[in-house]
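What follows is each chain in one-letter form.
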Amino acid sequence: MVHLYEGGAYLAGGELIPDSPEALAAVEAKTGVKTTREEAAKGTMAYGILSSHNTSGSMENLKIKFDKLTSHDITFVGILQTARASGLEKFPVPYVLTNCHNSLCAVGGTINEDDHVFGLSCAKKYGGVYVPPHQAVIHQFAREMLAAGGAMILGSDSHTRYGALGTMAVGEGGPEIVKQLLEQTYDIPMPGVVAIHLTGKPEKGVGPQDIALAIIGAVFKNGYVNNKVMEFIGDGIDNLSVDFRIGVDVMTTETTCLSSIWRTDDAVKEFYEIHKRPEDYKELNPADVAYYDGVVEVDLSQVKPMIAMPFHPSNVYTIEELNQNLEDILRDVEKKALVSLDNNNIDFKLTDKIRDGRLYVEQGVIAGCAGGGFENICDAADILRGKTIGSDEFSLSIYPASQPVFMELVKNGRIADLMATGATVRTAFCGPCFGAGDVPSNKGLSIRHSTRNFPNREGSKVTNGQIASVALMDARSIAATAANKGYLTAATDVDAEFTKPKYYFDKSIYDNRVFNGVGKADPSVEIKFGPNIVDWPKMQALTDHALLKVVSMIHDPVTTTDELIPSGETSSYRSNPLGLAEFTLSRKDPAYVGKAKEVQKVEKARIAGEDIYAQDGALKGIYDAIREKFGDEIVPEQTEVGSVIFAVKPGDGSAREQAASCQRVLGGMANIAREYATKRYRSNLINWGMLPFVFDGDLPFDKDDYILVKDIKEAIISKNDAIKAYVVNKGMKEMELHLGNLTDDEREIILKGCLINYNRKN
């Protein structure tokens, strides 16, 4: 089904040749081209696109300028506030503000709608595009209106993926958008490129989510594509519709790759023609000789309907396998979940979902950037036509990804077919994906064609004794399960005729409703602020030394951004840095906020020239120990006091910057990790002036310990990677921290305290 090469490979005349001492000779024999690995690496589609957007003059260390930018209403307020504080005058490239996450004003009074009004006023003032609530989810609008062959798009949402349309797109934290708005660059080393070689044709009933989950299950845990570009090649692509390709592509985020790109063809050309933008099509293919750093072989014909069980998209099984070994697998999932839940008060069970030997689920959802596509919903309607979902606990909700998709489904009758079954159909909204819509009941199990199923995400509040479980599936198998009134069923087990109606895109919907101010910035427009929209608090520049108090220790194998800053109802406070910070780690370590604030009191007293010992009586003993070892080299006036969290592998999941900024506004100075799950989370830490430390070895510290990082400022200026630190209240036990590769700009950002300070200086 899915096979990973142990090393790299050459693509030569359409054939993959595994890297070996004889490989280059085989390439020459196949193509007549004499080459080197370094030269062949330039033959990938990814290399061509990156080189055309690189401004550094070196392909080893890239400085990328993107063609277009996009954000949604959980992220754009903070981005615009940061950019304004940094001197923004107008948007230098098209910047689209969509409103698909906080679309409903159900929590916090007028907060969400105030954010929307703020966004519209900024689009007018700075010359952007504003997509009102319920018109489109961020990524569907980008597919329909922004993507272009050979282009690059940066979005402040992790699922910014338009590779199937020939666009290399990257999801990053908000500060990276700010840099582009200020005409700075996206700085990364040249990423590796891994070929995703598709062959065969999917079995009837197998959908894009099934293919995506099979790939995620094969590559996530071993980090095979981590921070690399996934390049889709192979003749199997010819057997996939563009909607199908898009459905696979959007889920590449869950592999922790950097971006994706696909070979394009006449089907993609037709997509652009349907969407009234034929000029944006570009044929993309690898060169006759190309080198890949790895290969993922996917035989599409062997992929079965899949299910990703709680609590990660990589926790995959075939539905057939699950049904045949139901009790054993559910017990194994329950056991694995204890690591993620880390809460003895939660009685987490899935085995109680077994009814008459079958798995019963209470809810089905087909939604968002992954599930809400035209073809997914049409196929689901074909499976359900003439049936009913029943009147028991099971419910089914469907969210078309945009108003144009919704309108065409109305015109061709699929909406009526679905509603007749008892399903409900909603407007374009991302809420079900992060816990702001269709939240399952306590101990409920929901099957969803959406992007994630992390713990503490879709409604779970384990600290309040609430737990909800989400399993990811394809829309077709969700429909098959709905046809069986909630009993888990693979789409390949039902007899359905897929009618595959043609799609007609009605652009007038956007022409009539979307504000397009590109190239028409109007400085006279007054920005409209709601009472919840608050400026970022002042950040301090880095001092000579740092004294860090460990306020949280997280030993889970992976920590998601949803655990660092929960989604769901907290999204209403994303425009208020201090208000949102109150939720930091609230579902993972409820004591964190209080502990961080206690440390922050000390730092505020230090800055004000007040007695820091009055804030924390333990500090006198800490400084006595420091003086005993270093004399008067280290004094409070030159030593910032901040909090630090330890996590094994933090930052999987969402790109939202608040996972880092919330720590920062509470006085956080650093993270210490074994490694960082994603490049984007580490970048968020850096852009908020936090130190992204890495530590290897037995932990010499624990919660509430103080760690002295001596001469940290000089270490950053001198570009030292290895930095000595001391666990003060463990007898000044020495340890070695590492910062890893930092660009000159990143070093300056940390020295100045954050990206805002860096840009104010510039």
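Refer to the preceding data block for the structure.
In this text, all values refer to a predicted model and were calculated from it rather than measured experimentally. Throughout, a residue's number is its position along its own chain's written sequence, starting from 1. Since the coordinates come from a predicted model, pLDDT governs what is reported: local features require at least 70, and pairs of side-chain atoms require 80 or more to be given and counted, while whole-chain, interface and lining totals use all residues. To obtain the side-chain values, all non-hydrogen atoms of the structure were included, while hydrogens and water were left out.

Asker: Mind showing me how you'd approach the sheet that holds strand 14 (residues 289–292) here?
Answerer: Strand pairing in a sheet takes place through backbone hydrogen bonds and is either antiparallel or parallel in direction. The strand order across the open sheet built from three strands is 3-2-14, with neighbouring strands paired in antiparallel fashion. Each edge of the sheet is formed by a strand with only one pairing partner; in this case those strands are strand 3 (15–18) and strand 14. With direction set aside, neighbouring strand axes in the sheet form an average angle of 25 degrees. Relative to strand 3, strand 2 (residues 9–12) runs antiparallel, the two being bridged by four bridges. Residue pairing for strand 3: Y10 is matched across the bridge by I17. Any pair of residues with heavy atoms lying within 4.5 Å of one another is described as a contacting pair. Each axis is a line fitted through C-alpha atoms, taken for helices only over the stretch in contact, and angles between the N-to-C directions span 0 to 180 degrees. Here a helix means four or more residues in a row that DSSP labels H or I, a strand means two or more in a row labelled E, and each is numbered from the N terminus. Against the sheet, helix 1 (residues 23–31) touches strand 2, strand 3 and strand 14, its axis set at about 5 degrees to strand 2. Only when DSSP finds a minimum of two bridges between them are two strands counted as paired.

Asker: Got a minute to help me understand the packing of aromatic side chains in this structure?
Answerer: Any two aromatic rings considered together are summarised by their centre-to-centre distance and by the angle between their planes. Ring pairs shown here join Phe, Tyr and Trp side chains whose ring centres sit within 6.5 Å, with only the six-membered ring taken for Trp; geometry is labelled stacked below 30 degrees between planes, edge-to-face above 60, and tilted in between. Going through the model one piece at a time under the given rule, you end up with 20 aromatic pairs. Where F91 meets Y95, the ring centres are 5.1 Å apart and the plane angle is 75 degrees; that geometry is what we call edge-to-face. Of the residues examined, Y95 reaches a relative accessible area of 0% and is grouped as buried. Pairing Y399 with F429 gives two aromatic rings, centres 6.4 Å apart and planes at 45 degrees, and the pair type is tilted. With a gap of 30 residues between them, Y399 in the loop between strand 21 (395–398) and helix 15 (403–411) and F429 in the loop between strand 22 (424–425) and helix 17 (431–434) connect regions that are remote in the sequence. The exposure class of Y399 is buried, given its relative accessible area of 3%. Classification of F429 by relative accessible area gives buried; the value is 5%. The structure contains a cluster of three or more aromatic residues connected by ring pairs, namely F91, Y95 and Y126. Stacked on the ring of Y360, the Lys or Arg R355 has its end atom at 3.9 Å from the ring centre. For a lysine, the NZ atom is tested; for an arginine, the CZ atom; a charge sits over a ring if that atom is within 6 Å of the ring centre and within 35 degrees of the ring normal. The aromatic ring of F630 is capped on one face by K629, whose charged end is 5.7 Å from the ring centroid. Summary of the burial criterion: residues with accessible area below 20% of their type's maximum are buried, those above 50% are exposed, and those between are partly exposed, where the area comes from a 1.4 Å probe applied to protein chains only.

Asker: Help me understand the pairing of strand 6 (residues 95–98), please; the structure alone is not making it clear to me.
Answerer: The side-chain alternation of strand 6 yields two buried faces, one formed by Y95 and L97 and the other by V96 and T98. Here strand 5 (residues 68–71) runs beside strand 6; their pairing, made up of three bridges, is parallel. Within the sheet, the bridge partner assigned to T70 lies in strand 6 and is V96. Think of it like this: strands point away, you trace from the first strand over the helix to the second, and a clockwise trace means the crossover is right-handed. Read from strand 5 through helix 4 (residues 76–85) to strand 6, the crossover connection turns out right-handed. Direction of pairing for strand 6 relative to strand 7 (residues 129–131): parallel, over a ladder of three bridges. Pairing of V96 across the sheet is with V129, part of strand 7.

Asker: Whenever I open this one, the pattern of salt bridges confuses me. Can you help?
Answerer: Opposite charge on two side chains makes pairing possible when the charged atoms of those side chains draw close. What makes a salt bridge here is a side-chain nitrogen of Lys or Arg within 4 Å of a carboxyl oxygen of Asp or Glu, nothing more. Under the definition given, this model contains 40 salt bridges. The partner of K601 in a salt bridge is E598, and the shortest N-O contact between them spans 3.4 Å. Of the two residues, K601 and E598 both sit in helix 22 (residues 592–608), three residues apart, roughly one turn of that helix. Of the residues examined, K601 reaches a relative accessible area of 41% and is grouped as partly exposed. According to the relative accessible area criterion, E598 is partly exposed, its value standing at 41%. A salt bridge links K724 to E734; the nearest nitrogen and oxygen atoms lie 3.9 Å apart. Taken together, the residues span a long stretch of sequence, with K724 in strand 33 (residues 722–727) and E734 in strand 34 (residues 733–738) at a distance of ten residues. Judged by relative accessible area, which is 48%, K724 ranks as partly exposed. On the basis of relative accessible area, E734 is assigned to the partly exposed category, the value being 46%. Several salt bridges converge on common partners, so that one network encompasses E375, D379, D474, R476 and K500.

Any link to function would need more than the numbers given here.
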